[in-house]
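Inside the fold
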Amino acid sequence: MPRLTAINSKTVSIPCYSLYLASPDNNNQGQNVLKNKTLGSMLIVAGTTIGAGMLALPIASAGLGFSTAIALLAITWLLMTYTALLMLEVHQYADQDATLNTLAKNLLGKTGQYVANFSMVFLFYALCAAYIAGGGAQLQTKLVGMLGDGITPQLGSVLLAVIIATIVTLGTSTVDKLNQLLFTIKVIVLASLFFILTPYVHGQHLIDMPVEQGLVIAAIPVIFTSFGFHGSIPSIVKYVGVDIRQLRKVMMFGAALPLIIYVFWQLLSQGVMGQESLMASEGLPGFVTSISSIAHNDNVQLFVTIFADLALATSFLGVSLGLFDFFADTFKKQDTKKDRIKTAFITFLPPLGFALFYPKGFIMALGYAAIALVVLAVFLPVAMVWKQRKARGNDGYQVKGGTLGLGLAAAFGVMIIASQLMQMAGLIPSLG
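Calculation notes
- Residues numbered from 1 in each chain as written.
- Predicted model: local features only at pLDDT ≥ 70, side-chain atom pairs only at ≥ 80, totals over all residues.
- Heavy atoms only, no water.
- Helix = DSSP H or I, 4+ residues; strand = E, 2+ residues; numbered from the N terminus.
- Buried < 20%, exposed > 50% of the residue type's maximum accessible area, 1.4 Å probe, protein only.
- Contact = heavy atoms within 4.5 Å.
- Salt bridge = Lys/Arg side-chain N within 4 Å of Asp/Glu carboxyl O.
- Core = buried A, V, L, I, M, F, W, Y, C linked by side-chain atoms within 4.5 Å.
- Axes fitted to C-alpha atoms, helices over the stretch in contact; angles between N-to-C directions.
- Parallel < 35°, antiparallel > 145°, perpendicular 65-115°, else oblique.
- Left-handed = near helix turned anticlockwise from the far one by under 90°.
- Nonpolar A, V, L, I, M, F, W, Y, C, P; charged D, E, K, R; others polar.
- Bend = angle between axes of the 7 residues up to and from the residue.
- Phe/Tyr/Trp six-rings, centres within 6.5 Å; stacked < 30°, edge-to-face > 60°.
- Lys NZ or Arg CZ within 6 Å of the ring centre and 35° of its normal.

Before going further, it helps to spend a moment on the environment of Ser232. Mapped onto the elements of the fold, Ser232 is located in the loop between helix H7 (213-225) and helix H8 (233-240). The buried category is assigned to Ser232, whose relative accessible area is 2%. Along the primary structure Ser232 and Leu43 are separated by 189 residues, whereas in three dimensions their C-alpha atoms are 12 Å apart. Here Ser232 is in contact with Thr48, Gly318 and Gly322, once residues within four sequence places are set aside.

Attention now goes to the pattern of salt bridges. Summed over the entire model, instances satisfying the criterion amount to four salt bridges. When the shortest N-O distance is used, the salt bridge between Glu89 and Arg389 registers 2.8 Å. With Glu89 in helix H3 (residues 66-91) and Arg389 in helix H14 (residues 369-392), this residue pair connects regions lying 300 residues apart in the sequence. Among the residues examined, Glu89 registers a relative accessible area of 2% and is labelled buried. Of the residues examined, Arg389 reaches a relative accessible area of 14% and is grouped as buried. Of the charged contacts, one joins Asp325 and Lys238 as a salt bridge, the two residues approaching to 4.0 Å between their closest N and O atoms. A residue pair is termed long-range when its members are at least 10 positions apart, and Asp325 in helix H11 (residues 299-330) and Lys238 in helix H8 qualify at 87 residues. Classification of Lys238 by relative accessible area gives partly exposed; the value is 30%.

The next point concerns the nonpolar core. Among soluble globular proteins, nonpolar side chains are generally buried collectively. Residues Leu88, Met251 and Met384 are the most contacted members of the largest nonpolar core, which totals 126 residues. Of all the elements, H11 adds the most residues to this core, at 17 residues. Excluding residues within four positions of it along the chain, Leu88 makes contact with Ile233, Val237, Ile244, Leu247, Arg248, Met251 and Tyr397.

One can describe the packing of H3 onto H14 by two numbers: an axis separation of 9 Å at closest approach and a directional angle of 45 degrees. If you check the angle between H3 and H14, you find them oblique. Judged by the sense of rotation from one axis to the other, the crossing of H3 with H14 is left-handed. For the pair formed by H3 and H14, the contact residues are Leu79, Met80, Thr83, Leu86, Met87, Glu89 and Val90 on the first element and Leu373, Ala377, Val378, Pro381, Val382, Met384, Val385, Gln388 and Arg389 on the second. Considered class by class, the residues forming the contact of H3 with H14 number 12 nonpolar, two polar and two charged.

For an α-helix, 3.6 residues make a turn, and residues three or four places apart therefore share a direction. Remark: the principal bend of H7, roughly 30 degrees, maps to Ala219, with a proline, Pro221, within the next four residues. Of the positions making up H7, those classed as buried are Gly214, Leu215, Val216, Ala218, Ala219, Ile220, Pro221, Ile223 and Phe224. Each element contacted by the buried residues of H7 is listed here: helix H2 (57-60), H3, helix H9 (244-280), H14 and helix H15 (402-424).

Here the focus is the packing of aromatic side chains. All told, the structure shown has nine aromatic pairs when counted by the stated rule. Aromatic pair Phe194 and Phe264: ring centres 6.0 Å apart, planes at 35 degrees, arrangement tilted. Within this pair, whereas Phe194 is found in helix H6 (residues 172-197), its partner Phe264 is found in helix H9, the two being separated by 70 residues in sequence. A residue is classified by how much of its surface remains accessible, and Phe264, at 43% relative accessible area, is partly exposed. The structure contains a cluster of three or more aromatic residues connected by ring pairs, namely Tyr125, Phe326, Phe327 and Phe331. In this arrangement the basic side chain of Arg392 is found over the ring face of Tyr93, its NZ or CZ atom lying 3.9 Å from the centre.

Structure representation (structure tokens):
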């Protein structure tokens, strides 16, 4: 028997190891921390998903009809939730702080690692550049209103990038707390919009059928990108820990919340305006103006503006957090203040430079966002799980569906890429 070297009310110290005698208070405290992290992570998933692009969903799906749009939303939600659970299946055998770079290298080799890295960097740099450019312009407008002329859009972009970079550098816990606050305000604003617009919903508008079959195919990539949160999964695993039960709750409920909000948003927008009015709207400004005049309420425009600002902020936080942790893993940075600052420069300087000096190039790159997201959120999880199951058999947690499920997910990915390429080639109609 090992000789006891020290004993107190909490710890029994034995050569080479220590036993912690947990009290009920410590257990309760640990459970509360885990619950808070789980809830916060759900909101990070939802906040990353529900971006400013949500406002364009009614216009993008204007020619589909309500029932067809809801069916596409539900199918896409199932696909993205399934592949998020596949990522958890992969993470269960990896280190807690592993990102897509390490996971792809371990399971798919150097080729898989290069594909994963390119997809991640291309997509997330493009998104960050778009957030910096668009959010910088919004911030500049508000600063001019408060401080007068002299504030340029470029200065607004720099200020926004510095603010988000500082928050992300402080860590996932800081992002979690701020995101919970912003998401709560965002839900209140949405609830206010629902309250104002619900009396103007007409049931007749909701039974319209698709105007043109090609529009259904064209809408698939837009709706698909509305559920993109997979780049933040490694950051959430690192934050919560490799606790599959809690992580499944995060993915399933975190992805379900955007679906519920999207359904209500489609119900209101398509119920208030109908297909012809939506298709006649000249982009998002025309949609907001039209819906404000129908409701006879100027607050609609104010609420939409506030929501757009909050949606951009929560999405930017989620995307940049995922990219930050990805680079920290790729370049083997330690979790020190000095290394986190270095990682922040790698994360934010390139998209800031592109947003300031080459905005058109990255606006064009966003046209390929759906393709990069298919690789990142569908093909890679399917390939890694298939490889892992071959090596490990039926051990550990496995997502239901077997090989058939993996094949169906990959087939949906091919369909999304095909629809994006057909639209870019002019073979099917472009969306409004």
